[in-house]
Amino acid sequence: MLIVGERINASRKAVGAALETKDAELIKKEAKQQVEAGADYIDVNCGTRVTTEPEDMEWLVKLAQEAVDAPLCIDSPNPAAAERGLKLCKKKALLNSVTAEKERLKPTIEIIKKYGCGIVGLCMSEKGMPRTADDRFEAAKTIVEEMTGAGIPLSDIYLDPVVSPVSAEPEA
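Residues numbered from 1 in each chain as written. Predicted model: local features only at pLDDT ≥ 70, side-chain atom pairs only at ≥ 80, totals over all residues. Heavy atoms only, no water.

With that out of the way, let us pick up unusual backbone geometry. We note that Lys22 has phi near 55°; this positive angle belongs to a residue other than glycine. Take Lys22: it is sitting in the loop between helix 1 (13-21) and helix 2 (24-36). The partly exposed category is assigned to Lys22, whose relative accessible area is 41%. At Ser97, a position not held by glycine, the phi torsion is positive, near 75°. Mapped onto the secondary structure, Ser97 falls in strand 4 (residues 94-98). (Helix = DSSP H or I, 4+ residues; strand = E, 2+ residues; numbered from the N terminus. Buried < 20%, exposed > 50% of the residue type's maximum accessible area, 1.4 Å probe, protein only.)

Contact geometry of helix 2 with helix 3 (residues 53-67) gives a least axis separation of 8 Å together with a crossing angle of 55°. When the axes of helix 2 and helix 3 are compared, the pair comes out oblique. The handedness of the crossing between helix 2 and helix 3 is right-handed. Residue-level inspection shows Ala24, Ile27, Lys28, Ala31 and Lys32 of helix 2 in contact with helix 3, the latter providing Trp59, Leu60, Leu63, Ala64, Glu66 and Ala67. Per-class residue counts for the contact of helix 2 with helix 3 are 8 nonpolar, no polar and 3 charged. (Axes fitted to C-alpha atoms, helices over the stretch in contact; angles between N-to-C directions. Parallel < 35°, antiparallel > 145°, perpendicular 65-115°, else oblique. Left-handed = near helix turned anticlockwise from the far one by under 90°. Contact = heavy atoms within 4.5 Å. Nonpolar A, V, L, I, M, F, W, Y, C, P; charged D, E, K, R; others polar.)

Attention shifts here to the packing of aromatic side chains. Per the stated rule, a full pass over the model turns up 0 aromatic pairs. The aromatic ring of Trp59 is capped on one face by Lys22, whose charged end is 4.7 Å from the ring centroid. (Phe/Tyr/Trp six-rings, centres within 6.5 Å; stacked < 30°, edge-to-face > 60°. Lys NZ or Arg CZ within 6 Å of the ring centre and 35° of its normal.)

For the rest of this paragraph, the subject is the packing of helix 5 (residues 102-115) against helix 6 (residues 133-149). At their nearest, the axes of helix 5 and helix 6 sit 11 Å apart, and the two run at 50° to each other. When the axes of helix 5 and helix 6 are compared, the pair comes out oblique. Of the two possible hands of crossing, helix 5 and helix 6 adopt the one that is right-handed. Here Leu105, Lys106, Ile109 and Ile112 of helix 5 come into contact with helix 6, specifically with Thr142, Glu146 and Met147. Here the residues of the contact of helix 5 with helix 6 are counted per class, giving 4 nonpolar, 1 polar and 2 charged.

Treat this as a map of the structure, not an account of what it does.
Have a look at this one:
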């Protein structure tokens, strides 16, 4: 099992505020707490800050690596932000939020190959969030086939089925 700590996320109020005020200590504390709690990777996500995401990603990656020795999971569908983060990673990283969307797969594959990272594939496609297990499986199949076809080792591919809890999606 692979545990990815996902608390360094700009959608969280405290992290968003820390990004705004450049509160480095809060970010470092979050990274340390997650590793102490058993996280294998620290996810870094600043996607809600669309206009400053690449710069924010760089700042967060540097701080997380100052705080902990764990590898990072760069969580962004934005190629510029993903590259800014991946190029700074001291250990083999994961690229999170890879989907089966055809227009985004090819450029993403090039980034993955360039930085030798693994991926977390979200079982989603152009159709958005799948409503059925079959649709999730088709998205997963597309991701795996495209990645392995491009030479990405199967052992570097992790899949997130993006399953909603029944409380959020009664038909789940």
